[in-house]
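If you want the building blocks of each chain, they are given just below.
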Amino acid sequence: MSKREITAKDSEARGGPGVEIVRSEAPSELLRELVAHLRQNRTLLREEWVVRISETRLLTAMTKEEIFAEATSVYDSYVEALETEAFEALQAYARNLSERIIPRGVETHEVVGIVLLLRDVLARSLFAKYQTDFKKLNRILDAYEPAANRIANTVAVGFVQERERVIRQQQEAIRELSTPVLQVRERLLILPIIGVIDPQRARQLTEQLLRGIRTNRAKVVVIDITGVAAMDVTVANHLVQTVEASRLLGATVIVTGLSPEIAQTLVTIGVDLGKMNTVGDLQGGIEQAERLLGYKVVTVADPRQS
Amino acid sequence: MRAGEIRVTINSDQDIVAARQKGRALATELGFSTGDATLIATAISELARNIVSYARKGEMSLKMVHGSSRQGILIIASDSGPGIRDIRQAMRDGFSTSGSLGLGLPGVRRLMDEFEITSEPGQGTIVTVKKWKQ
Amino acid sequence: MEVPILKQGEVLIATFQAALSDADLEHLRRGLVQQVVRFRSRGVIVDVTAMDVMDSFASRTLREIAHMIRLRGAETVIVGIQPEVAFAMVQLGLTLEGVATALDLEEGLAYLIEKFKNID
């Protein structure tokens, strides 16, 4: 699709006095042209880019060979993104790349830095090529700049997303470590809950407990909430759901350490406390559990008394 | 690789199963955990079930959706059935433990992160739900 | 879809598969009750390990099965509900109240045997 620009200009008139017909390429044609140039000069430009990277002391965590290997695929993906405008594919690529380099200790500013360097290296190359035709250079840059900026953005966002995912994963692991489901006897699990529970943590606890019931083939679970200061309605609901879900897996739940406040919250949401198995404290709860499991609680005579 | 939009016509109880299987597959492909994929499949099952029970015929649309820095799944259940006269009532019914929940909409809302419903008597119903990847 | 129903002494074991349509479940319900009558079974184990989704209809069907089987003097126990499925069910408010549940086949059998002892 070619645009026809008609400007009144005497000296370059071709279509008649006072009229200039200037054919200008469509943006997509320009893009194709500059992509072809960037492909033709791939080796040269990539090399230049790698030199600039080490000059600015980025990616110090990686060896020269590693940088070169990654640079090749980044360069090709960059040029391909210019050509196809498939930014979603680029973002997937960026996340993939990030997955590899984040464990190497590469940071956000480095990734943004090298992408911007590539943008500059390629832009300079375009300046050099079209320096004799200023108008054309402008049009080429009009096509290049928005695409190049979008690429820089996309790669940066992809990197950051991957970082955030890694961080979330680590937080999840920490949360799991800090809320252990303990097996104290065969078929008996104890889940001591301490501190503040938000809905997300409550949900994670429930999932962990249910998995634990299946893995340990638990028949009784003692959930101790002595260490829980307060519980809002949402979390109280989660507790009820945990009890119900545990039953679906064939396990009985005993709740211990119920404070009067929490008992009140449960009643408020319509829980029939009479139906819920509650015992004052953890010790009592464990004894109750043992009785349910058929363990006989025997008092051993004090050996000192003879 | 990534499917665009998946559309399932809901006509019969067979389609309920098809819709939830496709939903689970898409959720898994999008990287949702098994637990979340189950929640999503269950929500789809209930929504499709409503279409079959009350509207006889409708459609489920499933697709990936982008948020500010996260991905999720978008599910739209639409039908041109009789519509819901009193949406507030339908949403208010708490769960009874009898297992017959009427429309089960409060349950679906609990399963998902975002929930929207539009319904007009005589004009059908559209339920839109989203779940975000953790 | 054919669902295998095994007979183990006085107990019937029905193994539900995934992807059972409503019609399949209805068919199953009728079939199971018929078998209980035919064999004069005392207990039924419904194994739902393979069910990756349990929605309101499936839940209601299970409760109906348990109810109808109880009317014939037998006990039902549902086994094999997966953790993720249990979680989804309680979110929907499906608690299978009034229906016995156990972790797996082994536990289900143990439950029924205990139950038979108490009845005798």
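Since the model is a prediction, treat every value here as computed from it, not as a measurement.

Conventions used here
- Residues numbered from 1 in each chain as written.
- Chains lettered and ligands numbered in written order.
- Predicted model: local features only at pLDDT ≥ 70, side-chain atom pairs only at ≥ 80, totals over all residues.
- Contact = placed C-beta atoms within 7 Å.
- Helix = DSSP H or I, 4+ residues; strand = E, 2+ residues; numbered from the N terminus.
- Nonpolar A, V, L, I, M, F, W, Y, C, P; charged D, E, K, R; others polar.
- Pairing = 2+ DSSP bridges.
- Expected span 1.5 Å × (residues − 1).
- Core = buried A, V, L, I, M, F, W, Y, C linked by C-beta atoms within 7 Å.
- Buried ≥ 20, exposed ≤ 12 C-beta atoms within 10 Å, placed from the backbone.
- Right-handed = clockwise from strand over helix to strand, strands pointing away.
- Axes fitted to C-alpha atoms, helices over the stretch in contact; angles between N-to-C directions.
- Parallel < 35°, antiparallel > 145°, perpendicular 65-115°, else oblique.
- Left-handed = near helix turned anticlockwise from the far one by under 90°.

Caption draft 1: Main features of the interface of chain A and chain C. Taken residue by residue, the interface counts 13 residues in chain A and 13 residues in chain C. When residues of the side of chain A that touches chain C are traced back to their parent elements, those giving at least two are α7 (199–216) and α8 (233–248) of chain A. For the side of chain A that touches chain C, the per-class residue count stands at four nonpolar, three polar and six charged.

Caption draft 2: Main features of the sheet that holds strand β4 (residues 188–194) of chain A. Residues and elements named next belong to chain A. With mixed pairing, the five strands of this open sheet are ordered in space as β3-β4-β5-β6-β7. Edge positions in the sheet fall to β3 (182–185) and β7 (278–279), since each has one partner strand and no second. Note: β3 against β4, three bridges, orientation antiparallel. Its bridge partner lying in β4, L182 is registered against I190.

Caption draft 3: A look at the interface of chain B and chain C. Facing 23 residues of chain B, the contacting portion of chain C comprises 22 residues. Elements represented by at least two residues in the side of chain B that touches chain C include exactly α1 (13–29), α2 (34–55) and α4 (105–111) of chain B. It is α2(B) that provides the largest number of residues to the side of chain B that touches chain C, a total of nine residues. Its residues placed into classes, the side of chain B that touches chain C shows six nonpolar, twelve polar and five charged.

Caption draft 4: Broad picture of helix α10 (residues 282–293) of chain A. Residues and elements named next belong to chain A. Here α10 spans 16 Å end to end across twelve residues, near enough to the 16 Å set by a 1.5 Å rise per residue. Contacts from the buried residues of α10 go to β4, β5 (220–227), β6 (252–256) and β7. A positive phi of about 90° marks G294, the residue just after α10.

Caption draft 5: The arrangement of the nonpolar core in detail. Core analysis: the largest hydrophobic core is formed by 104 residues, its most contacted members being A:V221, B:L47, B:A48, B:M60 and C:A86. The element best represented in this core is α2(B), accounting for ten residues. Residues A:L34, A:I53, A:L97 and A:V106 belong to the second largest nonpolar core, which totals 35 residues.

Caption draft 6: Main features of the pairing of β4(A). Residues and elements named next belong to chain A. Counting buried positions along β4 yields five of seven residues, so the element is predominantly enclosed. Where β3 hands over to β4, the hairpin turn is made up of two residues, of which R187 adopts a positive phi near 70°. Here six bridges tie β4 to β5, and the two strands are oriented parallel to one another. Following the sheet pairing, P192 is matched in β5 by D224. The parallel pair β4 and β5, bridged by α7, forms a crossover whose chirality is right-handed.

Caption draft 7: Examining unusual backbone geometry more closely. For A:R57, which is not glycine, the phi dihedral falls at a positive 55°. For A:R57, the position within the fold is in the loop between α2 (42–55) and α3 (64–84).

Caption draft 8: Region of the structure containing the packing of α8(A) against helix α3 (residues 83–92) of chain C. Relative to each other, α8(A) and α3(C) sit at 130°, their axes nearing to 9 Å. Classified by the angle between their axes, α8(A) and α3(C) sit oblique to one another. When you trace α8(A) past α3(C), the crossing you get is right-handed. Contacts from A:Q241, A:E244, A:A245 and A:L248 of α8(A) reach α3(C) at C:A86, C:F87, C:M89, C:V90 and C:Q91. Grouping the amino acids of the contact of α8(A) with α3(C) by side-chain chemistry returns six nonpolar, two polar and one charged.

Caption draft 9: Layout of the sheet that holds strand β5 (residues 124–132) of chain B. Residue and element names in this part refer to chain B. Taking strand neighbours across the sheet as the criterion, the five strands line up as β1-β2-β3-β5-β4 in an open arrangement whose pairing is antiparallel. Lying at the two open borders of the sheet, with one neighbouring strand each, are β1 (5–10) and β4 (114–120). Adjacent strand axes in the sheet meet at a mean angle of 15° when their direction is disregarded. Here β1 pairs with strand β2 (residues 58–66) via six bridges, running antiparallel. By the bridge assignment for β2, R7 is matched with S61. Seen against the sheet, α1 touches β1, β2 and β3 (71–79) and runs at an angle of roughly 165° to β1.

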